[in-house]
Amino acid sequence: MDFKWGVSTAAYQIEGGWNEDGKGQSIWDVFANKRGLTFENHNGNIACDFYHRYTHDLAILHQLNIPNFRFSLSWSRIIPNGTGAVNPKGIDFYNRVIDFCLELGIEPWITLYHWDLPYELEKKGGWTNREVIRWFSEYVEVCVKYFGDRVKRWIILNEPMAFTGAGYFLGLHAPGRKGLYCFLAAAHHATMCQAEGGRIVRSMLTESQVGTAFSSTFVQPFFDNNRDVMATNRADALLNRLFVEPLAGLGYPVKDFKLLQRLERFIKDGDESKLAFNMDFIGLQNYTRELVTFSMLTPLLWSKFVPADKRNVEVTDMNWEVYPESIYEMLMKFSKYKSFKEIIVTESGASFPDVVINGKVNDVRRINFLDQHIKQVFRARQDGVNVNGFFTWSLTDNFEWKEGYRPKFGLVHIDFETQQRIIKDSGYWYGNFIQSYL
């Protein structure tokens, strides 16, 4: 079966080495080192210390017979100021990671941007500055130049809705900016970059497979009435359609969310045609579903989520509902965009409280979560969706952004005081499950 099994990670969440070997600061380096912005002031300065322990972690991946490893590159490790001079030691690090993957028979999948913009670019406006299209294009060209001879699978952006919404509208994530103007500017420029990045990779590497990864949340109305249905349509347009539909050549989903008309102030002549690009695949990332209700207290969107813990349903440590059918519904929804050849589930997983007993972690709930979600992926395949991969989040417990080290998503437990690794029962289960399909 030509189905891609793997795990996904992100540079800031695992690497550490935040100020070593010529690396510049990223927006997350700055944000997480300010007091009061993350859970118990946690930061990613050391994280999982993957920067020094990558051979050990990749050996675990090999031990578990997991054949694909998705990881992101740190832009500020490669180009410390975001533009201009390249850092040779940063290039060397990723060359070593790629080469060791290949030595172990593991296919490297590179994500070019997973939220850690160089801080020097943020000081110039970051994603709100249209110049980011040029900066990002330069960065993509550098990465393809140095790694493209060995890396065949490329993902341009990770969850643009998340990093523009949480980082430039709500201010909950780096760089901590707020407001509709910041969000709409960042959203349009990110949409331009996801297509332009695809064009650059394909022009430089004709044999590569290039895609981009979208967050997706199955949304349903809480009450079966017109106001909740309309609120759900607005939430769907914002959360699930804002970035994928321009890429598919359909433009922004203004019809279902009129507020998006305000994007016009950032759209220049010729932009519409540049928003679209025929990716080889799209990455779909799904963790839960949300029930939506009309809300007078939420201006602009006029809708809100009904918290899972108020609905008497099973929840994860993130207070996300465990609802395996969500991934099936989103695969069916995204499969209707006929311009994309295939879908890869590039993230799905769950945070549950783990306990180490006698050197073992018996995480039955995570095993059940993965088992049920994989079954829903294969249900979608049987129903005609061209979904050809599943990557769980994540290999190891890691720095979970604003939530710090509290949530545990890994197949491998990490004691962050000692950096000791313990493969959880879910890790062994996942490896054995994959072997039964290979």
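Analysis parameters
- Residues numbered from 1 in each chain as written.
- Predicted model: local features only at pLDDT ≥ 70, side-chain atom pairs only at ≥ 80, totals over all residues.
- Heavy atoms only, no water.
- Helix = DSSP H or I, 4+ residues; strand = E, 2+ residues; numbered from the N terminus.
- Rg over C-alpha atoms; globule rule 2.2 N^0.38 Å.
- Buried < 20%, exposed > 50% of the residue type's maximum accessible area, 1.4 Å probe, protein only.
- Contact = heavy atoms within 4.5 Å.
- 1 Å grid on protein atoms, 1.4 Å probe; cavity = no way out; pocket = protein on both sides within 12 Å on 5 of 7 lines; lining within 4 Å.
- Points joined across faces, edges and corners; volume = space filled by probe spheres on them.
- Nonpolar A, V, L, I, M, F, W, Y, C, P; charged D, E, K, R; others polar.
- Axes fitted to C-alpha atoms, helices over the stretch in contact; angles between N-to-C directions.
- Parallel < 35°, antiparallel > 145°, perpendicular 65-115°, else oblique.
- Left-handed = near helix turned anticlockwise from the far one by under 90°.
- Phe/Tyr/Trp six-rings, centres within 6.5 Å; stacked < 30°, edge-to-face > 60°.
- Salt bridge = Lys/Arg side-chain N within 4 Å of Asp/Glu carboxyl O.
- Pairing = 2+ DSSP bridges.
- Patch = residues over 30% accessible without salt bridge, like charges linked within 9 Å, V, L, I, M, F, W, Y side chains within 5 Å.
- Areas by Shrake-Rupley, 256 points an atom, 1.4 Å probe, with all protein chains shown as cover.
- Core = buried A, V, L, I, M, F, W, Y, C linked by side-chain atoms within 4.5 Å.

Participant: Help me out: how do you make sense of the overall build of the chain in this one?
Facilitator: A tally of regular secondary structure across the chain gives 15 helices and 13 strands. By the compact-globule yardstick of 22 Å for 438 residues, the chain fits well, its C-alpha radius of gyration being 20 Å. Buried positions account for 62% of the 438 residues belonging to the chain. Contacts in the chain between residues far apart in sequence, at least 24 positions, make up 76% of those at least 6 positions apart.

Participant: Quick question: what am I supposed to make of the layout of surface pockets here?
Facilitator: In this approach, a probe sized like a water molecule rolls over the atoms, and the result shows the empty space that is left. Approximately 1600 Å³ is the volume found for the largest pocket. As for the largest pocket, its lining consists of 49 residues, of which Ala-162, Ala-166, Leu-170, Leu-239 and Phe-305 are closest to the centre. Elements that contribute at least two residues to the lining of the largest pocket include exactly helix 8 (160–168), helix 9 (180–204), strand 5 (209–221), helix 10 (226–241), strand 6 (281–294) and strand 7 (303–305). Looking at the lining of the largest pocket element by element, the count peaks at five residues for strand 6. In terms of lining residues, the second largest pocket is bounded by His-42, Asn-43, Ile-46, Ala-47, Tyr-405, Lys-408, His-413, Ile-414, Asp-415, Phe-416, Glu-417 and Gln-419. Broken down by class, the residue content of the lining of the second largest pocket amounts to five nonpolar, four polar and three charged.

Participant: Whenever I open this one, the packing of helix 14 (residues 364–382) against helix 15 (residues 425–437) confuses me. Can you help?
Facilitator: Packed helices, taken two at a time, are described by their axes: the angle between them and the distance between them. The contact between helix 14 and helix 15 brings their axes to 9 Å, and the two run at 30°. Put simply, helix 14 runs roughly parallel to helix 15. Judged by the twist between their axes, the crossing of helix 14 over helix 15 is right-handed. Of the residues in helix 15, those touching helix 14 at Arg-366, Ile-367, Leu-370, Asp-371, Ile-374 and Phe-378 are Asp-425, Ser-426, Trp-429, Tyr-430, Phe-433 and Tyr-437.

Participant: I tried to follow the packing of aromatic side chains on my own but got confused; where do I start?
Facilitator: Each pair of aromatic rings is reported with the distance of its centres and the angle of its planes. Throughout the structure, instances matching the rule amount to 45 aromatic pairs. With centroids separated by 4.8 Å and ring planes inclined at 50°, the aromatic side chains of Trp-28 and Trp-401 adopt a geometry described as tilted. Taken together, the residues Trp-28 in helix 2 (residues 27–32) and Trp-401 in the loop between strand 11 (387–393) and strand 12 (412–415) connect sequence positions 373 residues apart. The burial state of Trp-28 is the same as that of Trp-401; both residues are buried.

Participant: I'm lost on the pattern of salt bridges in this one. Help?
Facilitator: Side chains carrying opposite charge are able to pair once their charged atoms draw close together. Considering all chains together, one arrives at 27 salt bridges under this definition. Put simply, Asp-280 and Arg-202 hold a salt bridge, and the shortest N to O gap is 3.2 Å. In this pair, Asp-280 sits in the loop between helix 12 (271–275) and strand 6 while Arg-202 sits in helix 9, placing the two residues 78 residues apart along the sequence. Asp-280 sits in the buried class, given a relative accessible area of 9%. The class for Arg-202 is partly exposed, based on a relative accessible area of 28%.

Participant: Sorry if this is basic, but what is going on with the environment of Leu-157 here?
Facilitator: As for its position among the elements, Leu-157 is in strand 4 (residues 153–158). By relative accessible area, Leu-157 is classed as buried at 0%.

Participant: How do you make sense of the pairing of strand 6 when you look at a structure like this?
Facilitator: In the case of a regular strand, side chains alternate between the two sheet surfaces. Most of strand 6 sits out of view: 13 of its 14 residues are buried. By the bridge criterion, 10 bridges tie strand 5 to strand 6 in an arrangement that is parallel. What sits directly across from Ala-213, in strand 6, is Gly-283. Relative to strand 8 (residues 342–347), strand 6 runs parallel, the two sharing five bridges. Each residue of the ladder has a partner; that of Ile-282, found in strand 8, is Ile-343. Of the pairings in the sheet, the one linking strand 6 to strand 7 comprises three bridges and is antiparallel in character. Each bridged residue has a counterpart across the sheet, and for Phe-294 the counterpart in strand 7 is Ser-303.

Participant: Hey, could you run me through a nonpolar patch on the surface in this one?
Facilitator: Nonpolar side chains collect at one region of the surface, where Phe-169, Leu-170, Leu-172 and Leu-300 lie side by side and expose about 310 Å² of accessible area between them. Structurally, Leu-300 is set in the loop between strand 6 and strand 7.

Participant: Even after reading the chapter, I still don't get unusual backbone geometry, so can you show me in this structure?
Facilitator: Keep in mind that most residues, glycine aside, have a negative phi and that most peptide bonds are trans. With an omega of 5°, the peptide bond between Ala-174 and Pro-175 qualifies as cis. Structurally, Pro-175 is set in the loop between helix 8 and helix 9. For the bond running from Trp-393 to Ser-394, omega is 10°, close enough to zero to count as cis. With respect to the helices and strands, the residue Ser-394 is situated in the loop between strand 11 and strand 12. Even without a glycine there, the phi angle at Glu-40 is positive, about 50°. The phi dihedral of Asn-358 falls on the positive side, at around 55°, and the residue is not glycine.

Participant: Could you clarify how one ought to interpret the nonpolar core in this entry?
Facilitator: As a rule of thumb, soluble globular proteins bury nonpolar side chains together. Counting residues in each nonpolar core, the largest one holds 131 residues, and the members touching the most others are Trp-127, Phe-147 and Trp-154. Considering each element in turn, this core owes the most residues, 13 residues, to helix 9. Once residues lying within four places of it in the same chain are set aside, the contact partners of Phe-147 are Leu-73, Ile-78, Ile-91, Tyr-94, Asn-95, Ile-98, Ile-110 and Trp-154. Formed by six residues, the second largest nonpolar core is a distinct cluster that contains Trp-109, Phe-281, Ile-344 and Phe-391.

Participant: Where do I start with the environment of Leu-242 in this structure?
Facilitator: The topology assignment puts Leu-242 in the loop between helix 10 and helix 11 (244–247). Residue class for Leu-242 comes out buried when judged on its relative accessible area of 1%. A sequence separation of 11 residues divides Leu-242 from Pro-253, and the C-alpha atoms of the two residues are 6.2 Å apart. Residues contacting Leu-242, with those up to four places away along its chain left out, are Met-161, Phe-183, Ala-187, Ala-237, Tyr-252, Pro-253, Leu-260 and Leu-263.

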